[in-house]
Amino acid sequence: MARPRVAFVGSGGAAKGVAHVGVLRAMQELGIEADICVGASAGAIAGAFYAEGYTPEQMIDWFRPFWRRGLEGPPLKARYFLGLPNQEQRRSLGYLASGLFSIDRFEAFVAEQLPNNDFRKLEKHLLVTAADVDGRGRIVFGRGYRDDITISKAVAASSCVPGLFRPYRIGERFYIDGEVVRTLSIDLAVEAGADVVIISNVYRPHVGRLGSPSLVHQGGPAVVRQSLNIILNEKEKRGIDLIHKMYPQIQVLVVSPDLGRLPFTSRIHARTMLRRGYRDALRTLAKAKRRGVFDVAPNVRSIGEA
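What counts and what doesn't
- Residues numbered from 1 in each chain as written.
- Predicted model: local features only at pLDDT ≥ 70, side-chain atom pairs only at ≥ 80, totals over all residues.
- Heavy atoms only, no water.
- Helix = DSSP H or I, 4+ residues; strand = E, 2+ residues; numbered from the N terminus.
- Buried < 20%, exposed > 50% of the residue type's maximum accessible area, 1.4 Å probe, protein only.
- Core = buried A, V, L, I, M, F, W, Y, C linked by side-chain atoms within 4.5 Å.
- Contact = heavy atoms within 4.5 Å.
- Polar contact = N/O pair within 3.5 Å; in protein donor to acceptor, adjacent residues only side chain to side chain.
- pLDDT = per-residue confidence, 0-100.
- Phe/Tyr/Trp six-rings, centres within 6.5 Å; stacked < 30°, edge-to-face > 60°.
- Expected span 1.5 Å × (residues − 1).
- Pairing = 2+ DSSP bridges.

How do you make sense of unusual backbone geometry when you look at a structure like this?
If a residue is not glycine, its phi is most likely negative; likewise, a peptide bond is most likely trans. Even without a glycine there, the phi angle at Ala14 is positive, about 55°. Mapped onto the fold, Ala14 is located in the loop between strand E1 (6–10) and helix H1 (18–29). Not every positive phi belongs to a glycine, and Ser41 is a case in point at roughly 55°. Structurally, the position occupied by Ser41 is in the loop between strand E2 (36–39) and helix H2 (42–51). Owing to a relative accessible area of 4%, Ser41 belongs among the buried residues under this scheme.

I tried to follow the nonpolar core on my own but got confused; where do I start?
The nonpolar side chains of soluble globular proteins are, as a tendency, buried together. Judged by nonpolar contacts, the single largest core of 69 residues is most densely connected at Met27, Leu126, Phe141, Ile198, Leu285 and Phe294. When neighbours within four sequence positions are excluded, Met27 is seen to be in contact with Phe8, Ile32, Ala34, Tyr50, Ile198 and Leu285.

Would you take a moment to explain the side chain of Asp177 for this structure?
Relative to the helices and strands, Asp177 is located in strand E8 (residues 173–177). For Asp177, the side chain forms a polar contact with the side chain of Ser41, separated by 3.4 Å. With sequence-adjacent residues up to four places away left out, Asp177 is seen in contact with Ala40, Ser41, Ala131, Ala157, Ser158, Cys160, Val161 and Pro162.

In this structure, what is going on with the confidence of the model for the protein chain? I would like to understand it.
Low pLDDT means the predicted coordinates in that region are not meant to be read closely. Chain-level statistics for the protein chain give a pLDDT mean of 87 and a share of 93% at 70 or above. Of all the helices and strands in the protein chain, helix H9 (residues 220–246) carries the lowest mean pLDDT, 82, while helix H7 (residues 151–158) carries the highest, 97. Overall, residues 300–306 carries pLDDT values under 50, and its contacts beyond four positions in sequence, including any with other chains, amount to four contacts.

Looking at this model, I keep getting lost on the packing of aromatic side chains. Mind explaining?
This structure, assessed with the given rule, holds six aromatic pairs. Ring plane angle 25° and centroid distance 4.6 Å describe the contact between Phe81 and Phe106, whose orientation is recorded as stacked. In this pair, Phe81 is assigned in the loop between helix H3 (56–61) and helix H4 (87–91) and Phe106 in helix H6 (residues 104–113), connecting sequence segments 25 residues apart. Given a relative accessible area of 0%, Phe106 falls into the buried group. Ring plane angle 75° and centroid distance 5.7 Å describe the contact between Phe141 and Tyr175, whose orientation is recorded as edge-to-face.

Before we go on, may I ask you to explain helix H10 (residues 270–290) in this structure?
Every α-helical turn comprises 3.6 residues, leaving residues that sit three or four positions apart pointing alike. Here H10 is 21 residues long and its end C-alpha atoms lie 30 Å apart, about the 30 Å a rise of 1.5 Å per residue gives. Looking at the packing, one finds that the buried side of H10 touches H1, H3, strand E9 (196–200) and strand E10 (251–255). Two residues or fewer past H10, Gly292 is found with a positive phi of approximately 85°.

How do you make sense of the pairing of strand E4 (residues 125–132) when you look at a structure like this?
Looking along a regular strand, one sees the side chains alternate between the two faces of the sheet. For E4, the buried fraction is high: eight of the eight residues fall into the buried class. Neither face of E4 is open: one carries His125, Leu127, Thr129 and Ala131, the other Leu126, Val128, Ala130 and Asp132, and all of them are buried. With four bridges connecting them, E2 and E4 associate as parallel partners. Following the sheet pairing, Gly39 is matched in E4 by Val128. Here E4 runs beside strand E5 (residues 138–142); their pairing, made up of five bridges, is antiparallel. Across the sheet, residue Ala130 finds its bridge partner in E5, namely Ile139. Linking E4 to E5, which pair antiparallel, is a turn of five residues; within it Gly135 sits at a positive phi near 85°. Note: E4 against E8, three bridges, orientation antiparallel. Bridging from a neighbouring strand, Asp132 pairs with Tyr175 of E8.

In structure tokens form, the structure reads like this:
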């Protein structure tokens, strides 16, 4: 019997995207392999390296202090995201002022680390989303869409958080974070043939206990962070509801660890994020596995099994 095609769909989330690696580690331990990887920003980074054959353990090693690192390959350092302006950006005052940093240095790191920087040569189906800053909507990079662009450039474009990074130029177009258009592109996974979609979402809002002090007492950054979590989490829910209505046969499994109080821009909590992503995924996916979700593809199940 044919096993179902599994898709991993990762949200963005900047530093919180470390939790995606915890989800991938839980999948590995449970013997669940994704055939399709879809992501924007941090989700695109995790999905790209996973599709290239990197193990969760190799990715986890990026975030360990140097005295605890045990694998070959350089760590993913914060300085790779703090690039200086390139020549084109320096020539245009407006372009220079469109963000704090250039993402070119990060693109170079990704290009150097990927053993195969070509969408068309991957065994897994990798799809990366970005947004055209000039209003042309979501742009998809990968087989069946724009596959003439290197994976590293697609990931760099998808990771350009507005305001933090200057939009990334590919050809004559400029791109920013794919989440500006959609938090999750579940539809791409479904169109690529997924039977089971594993969503890794880091935008779960913090829910305070009854009687506990409100987040307002933690200042503006806490309120802004919670607002982003609420907005993006609601966008995700609407997308999932739409997929359920349009494709009721698709199994959608949502992994959403409690990261609401953790910052988007600090790696200090990387271990906590990894652990929470791993534990939430292990609980959610193990339960689905016991139900037989990963055993037989829907189109070959008998009526009694459906």
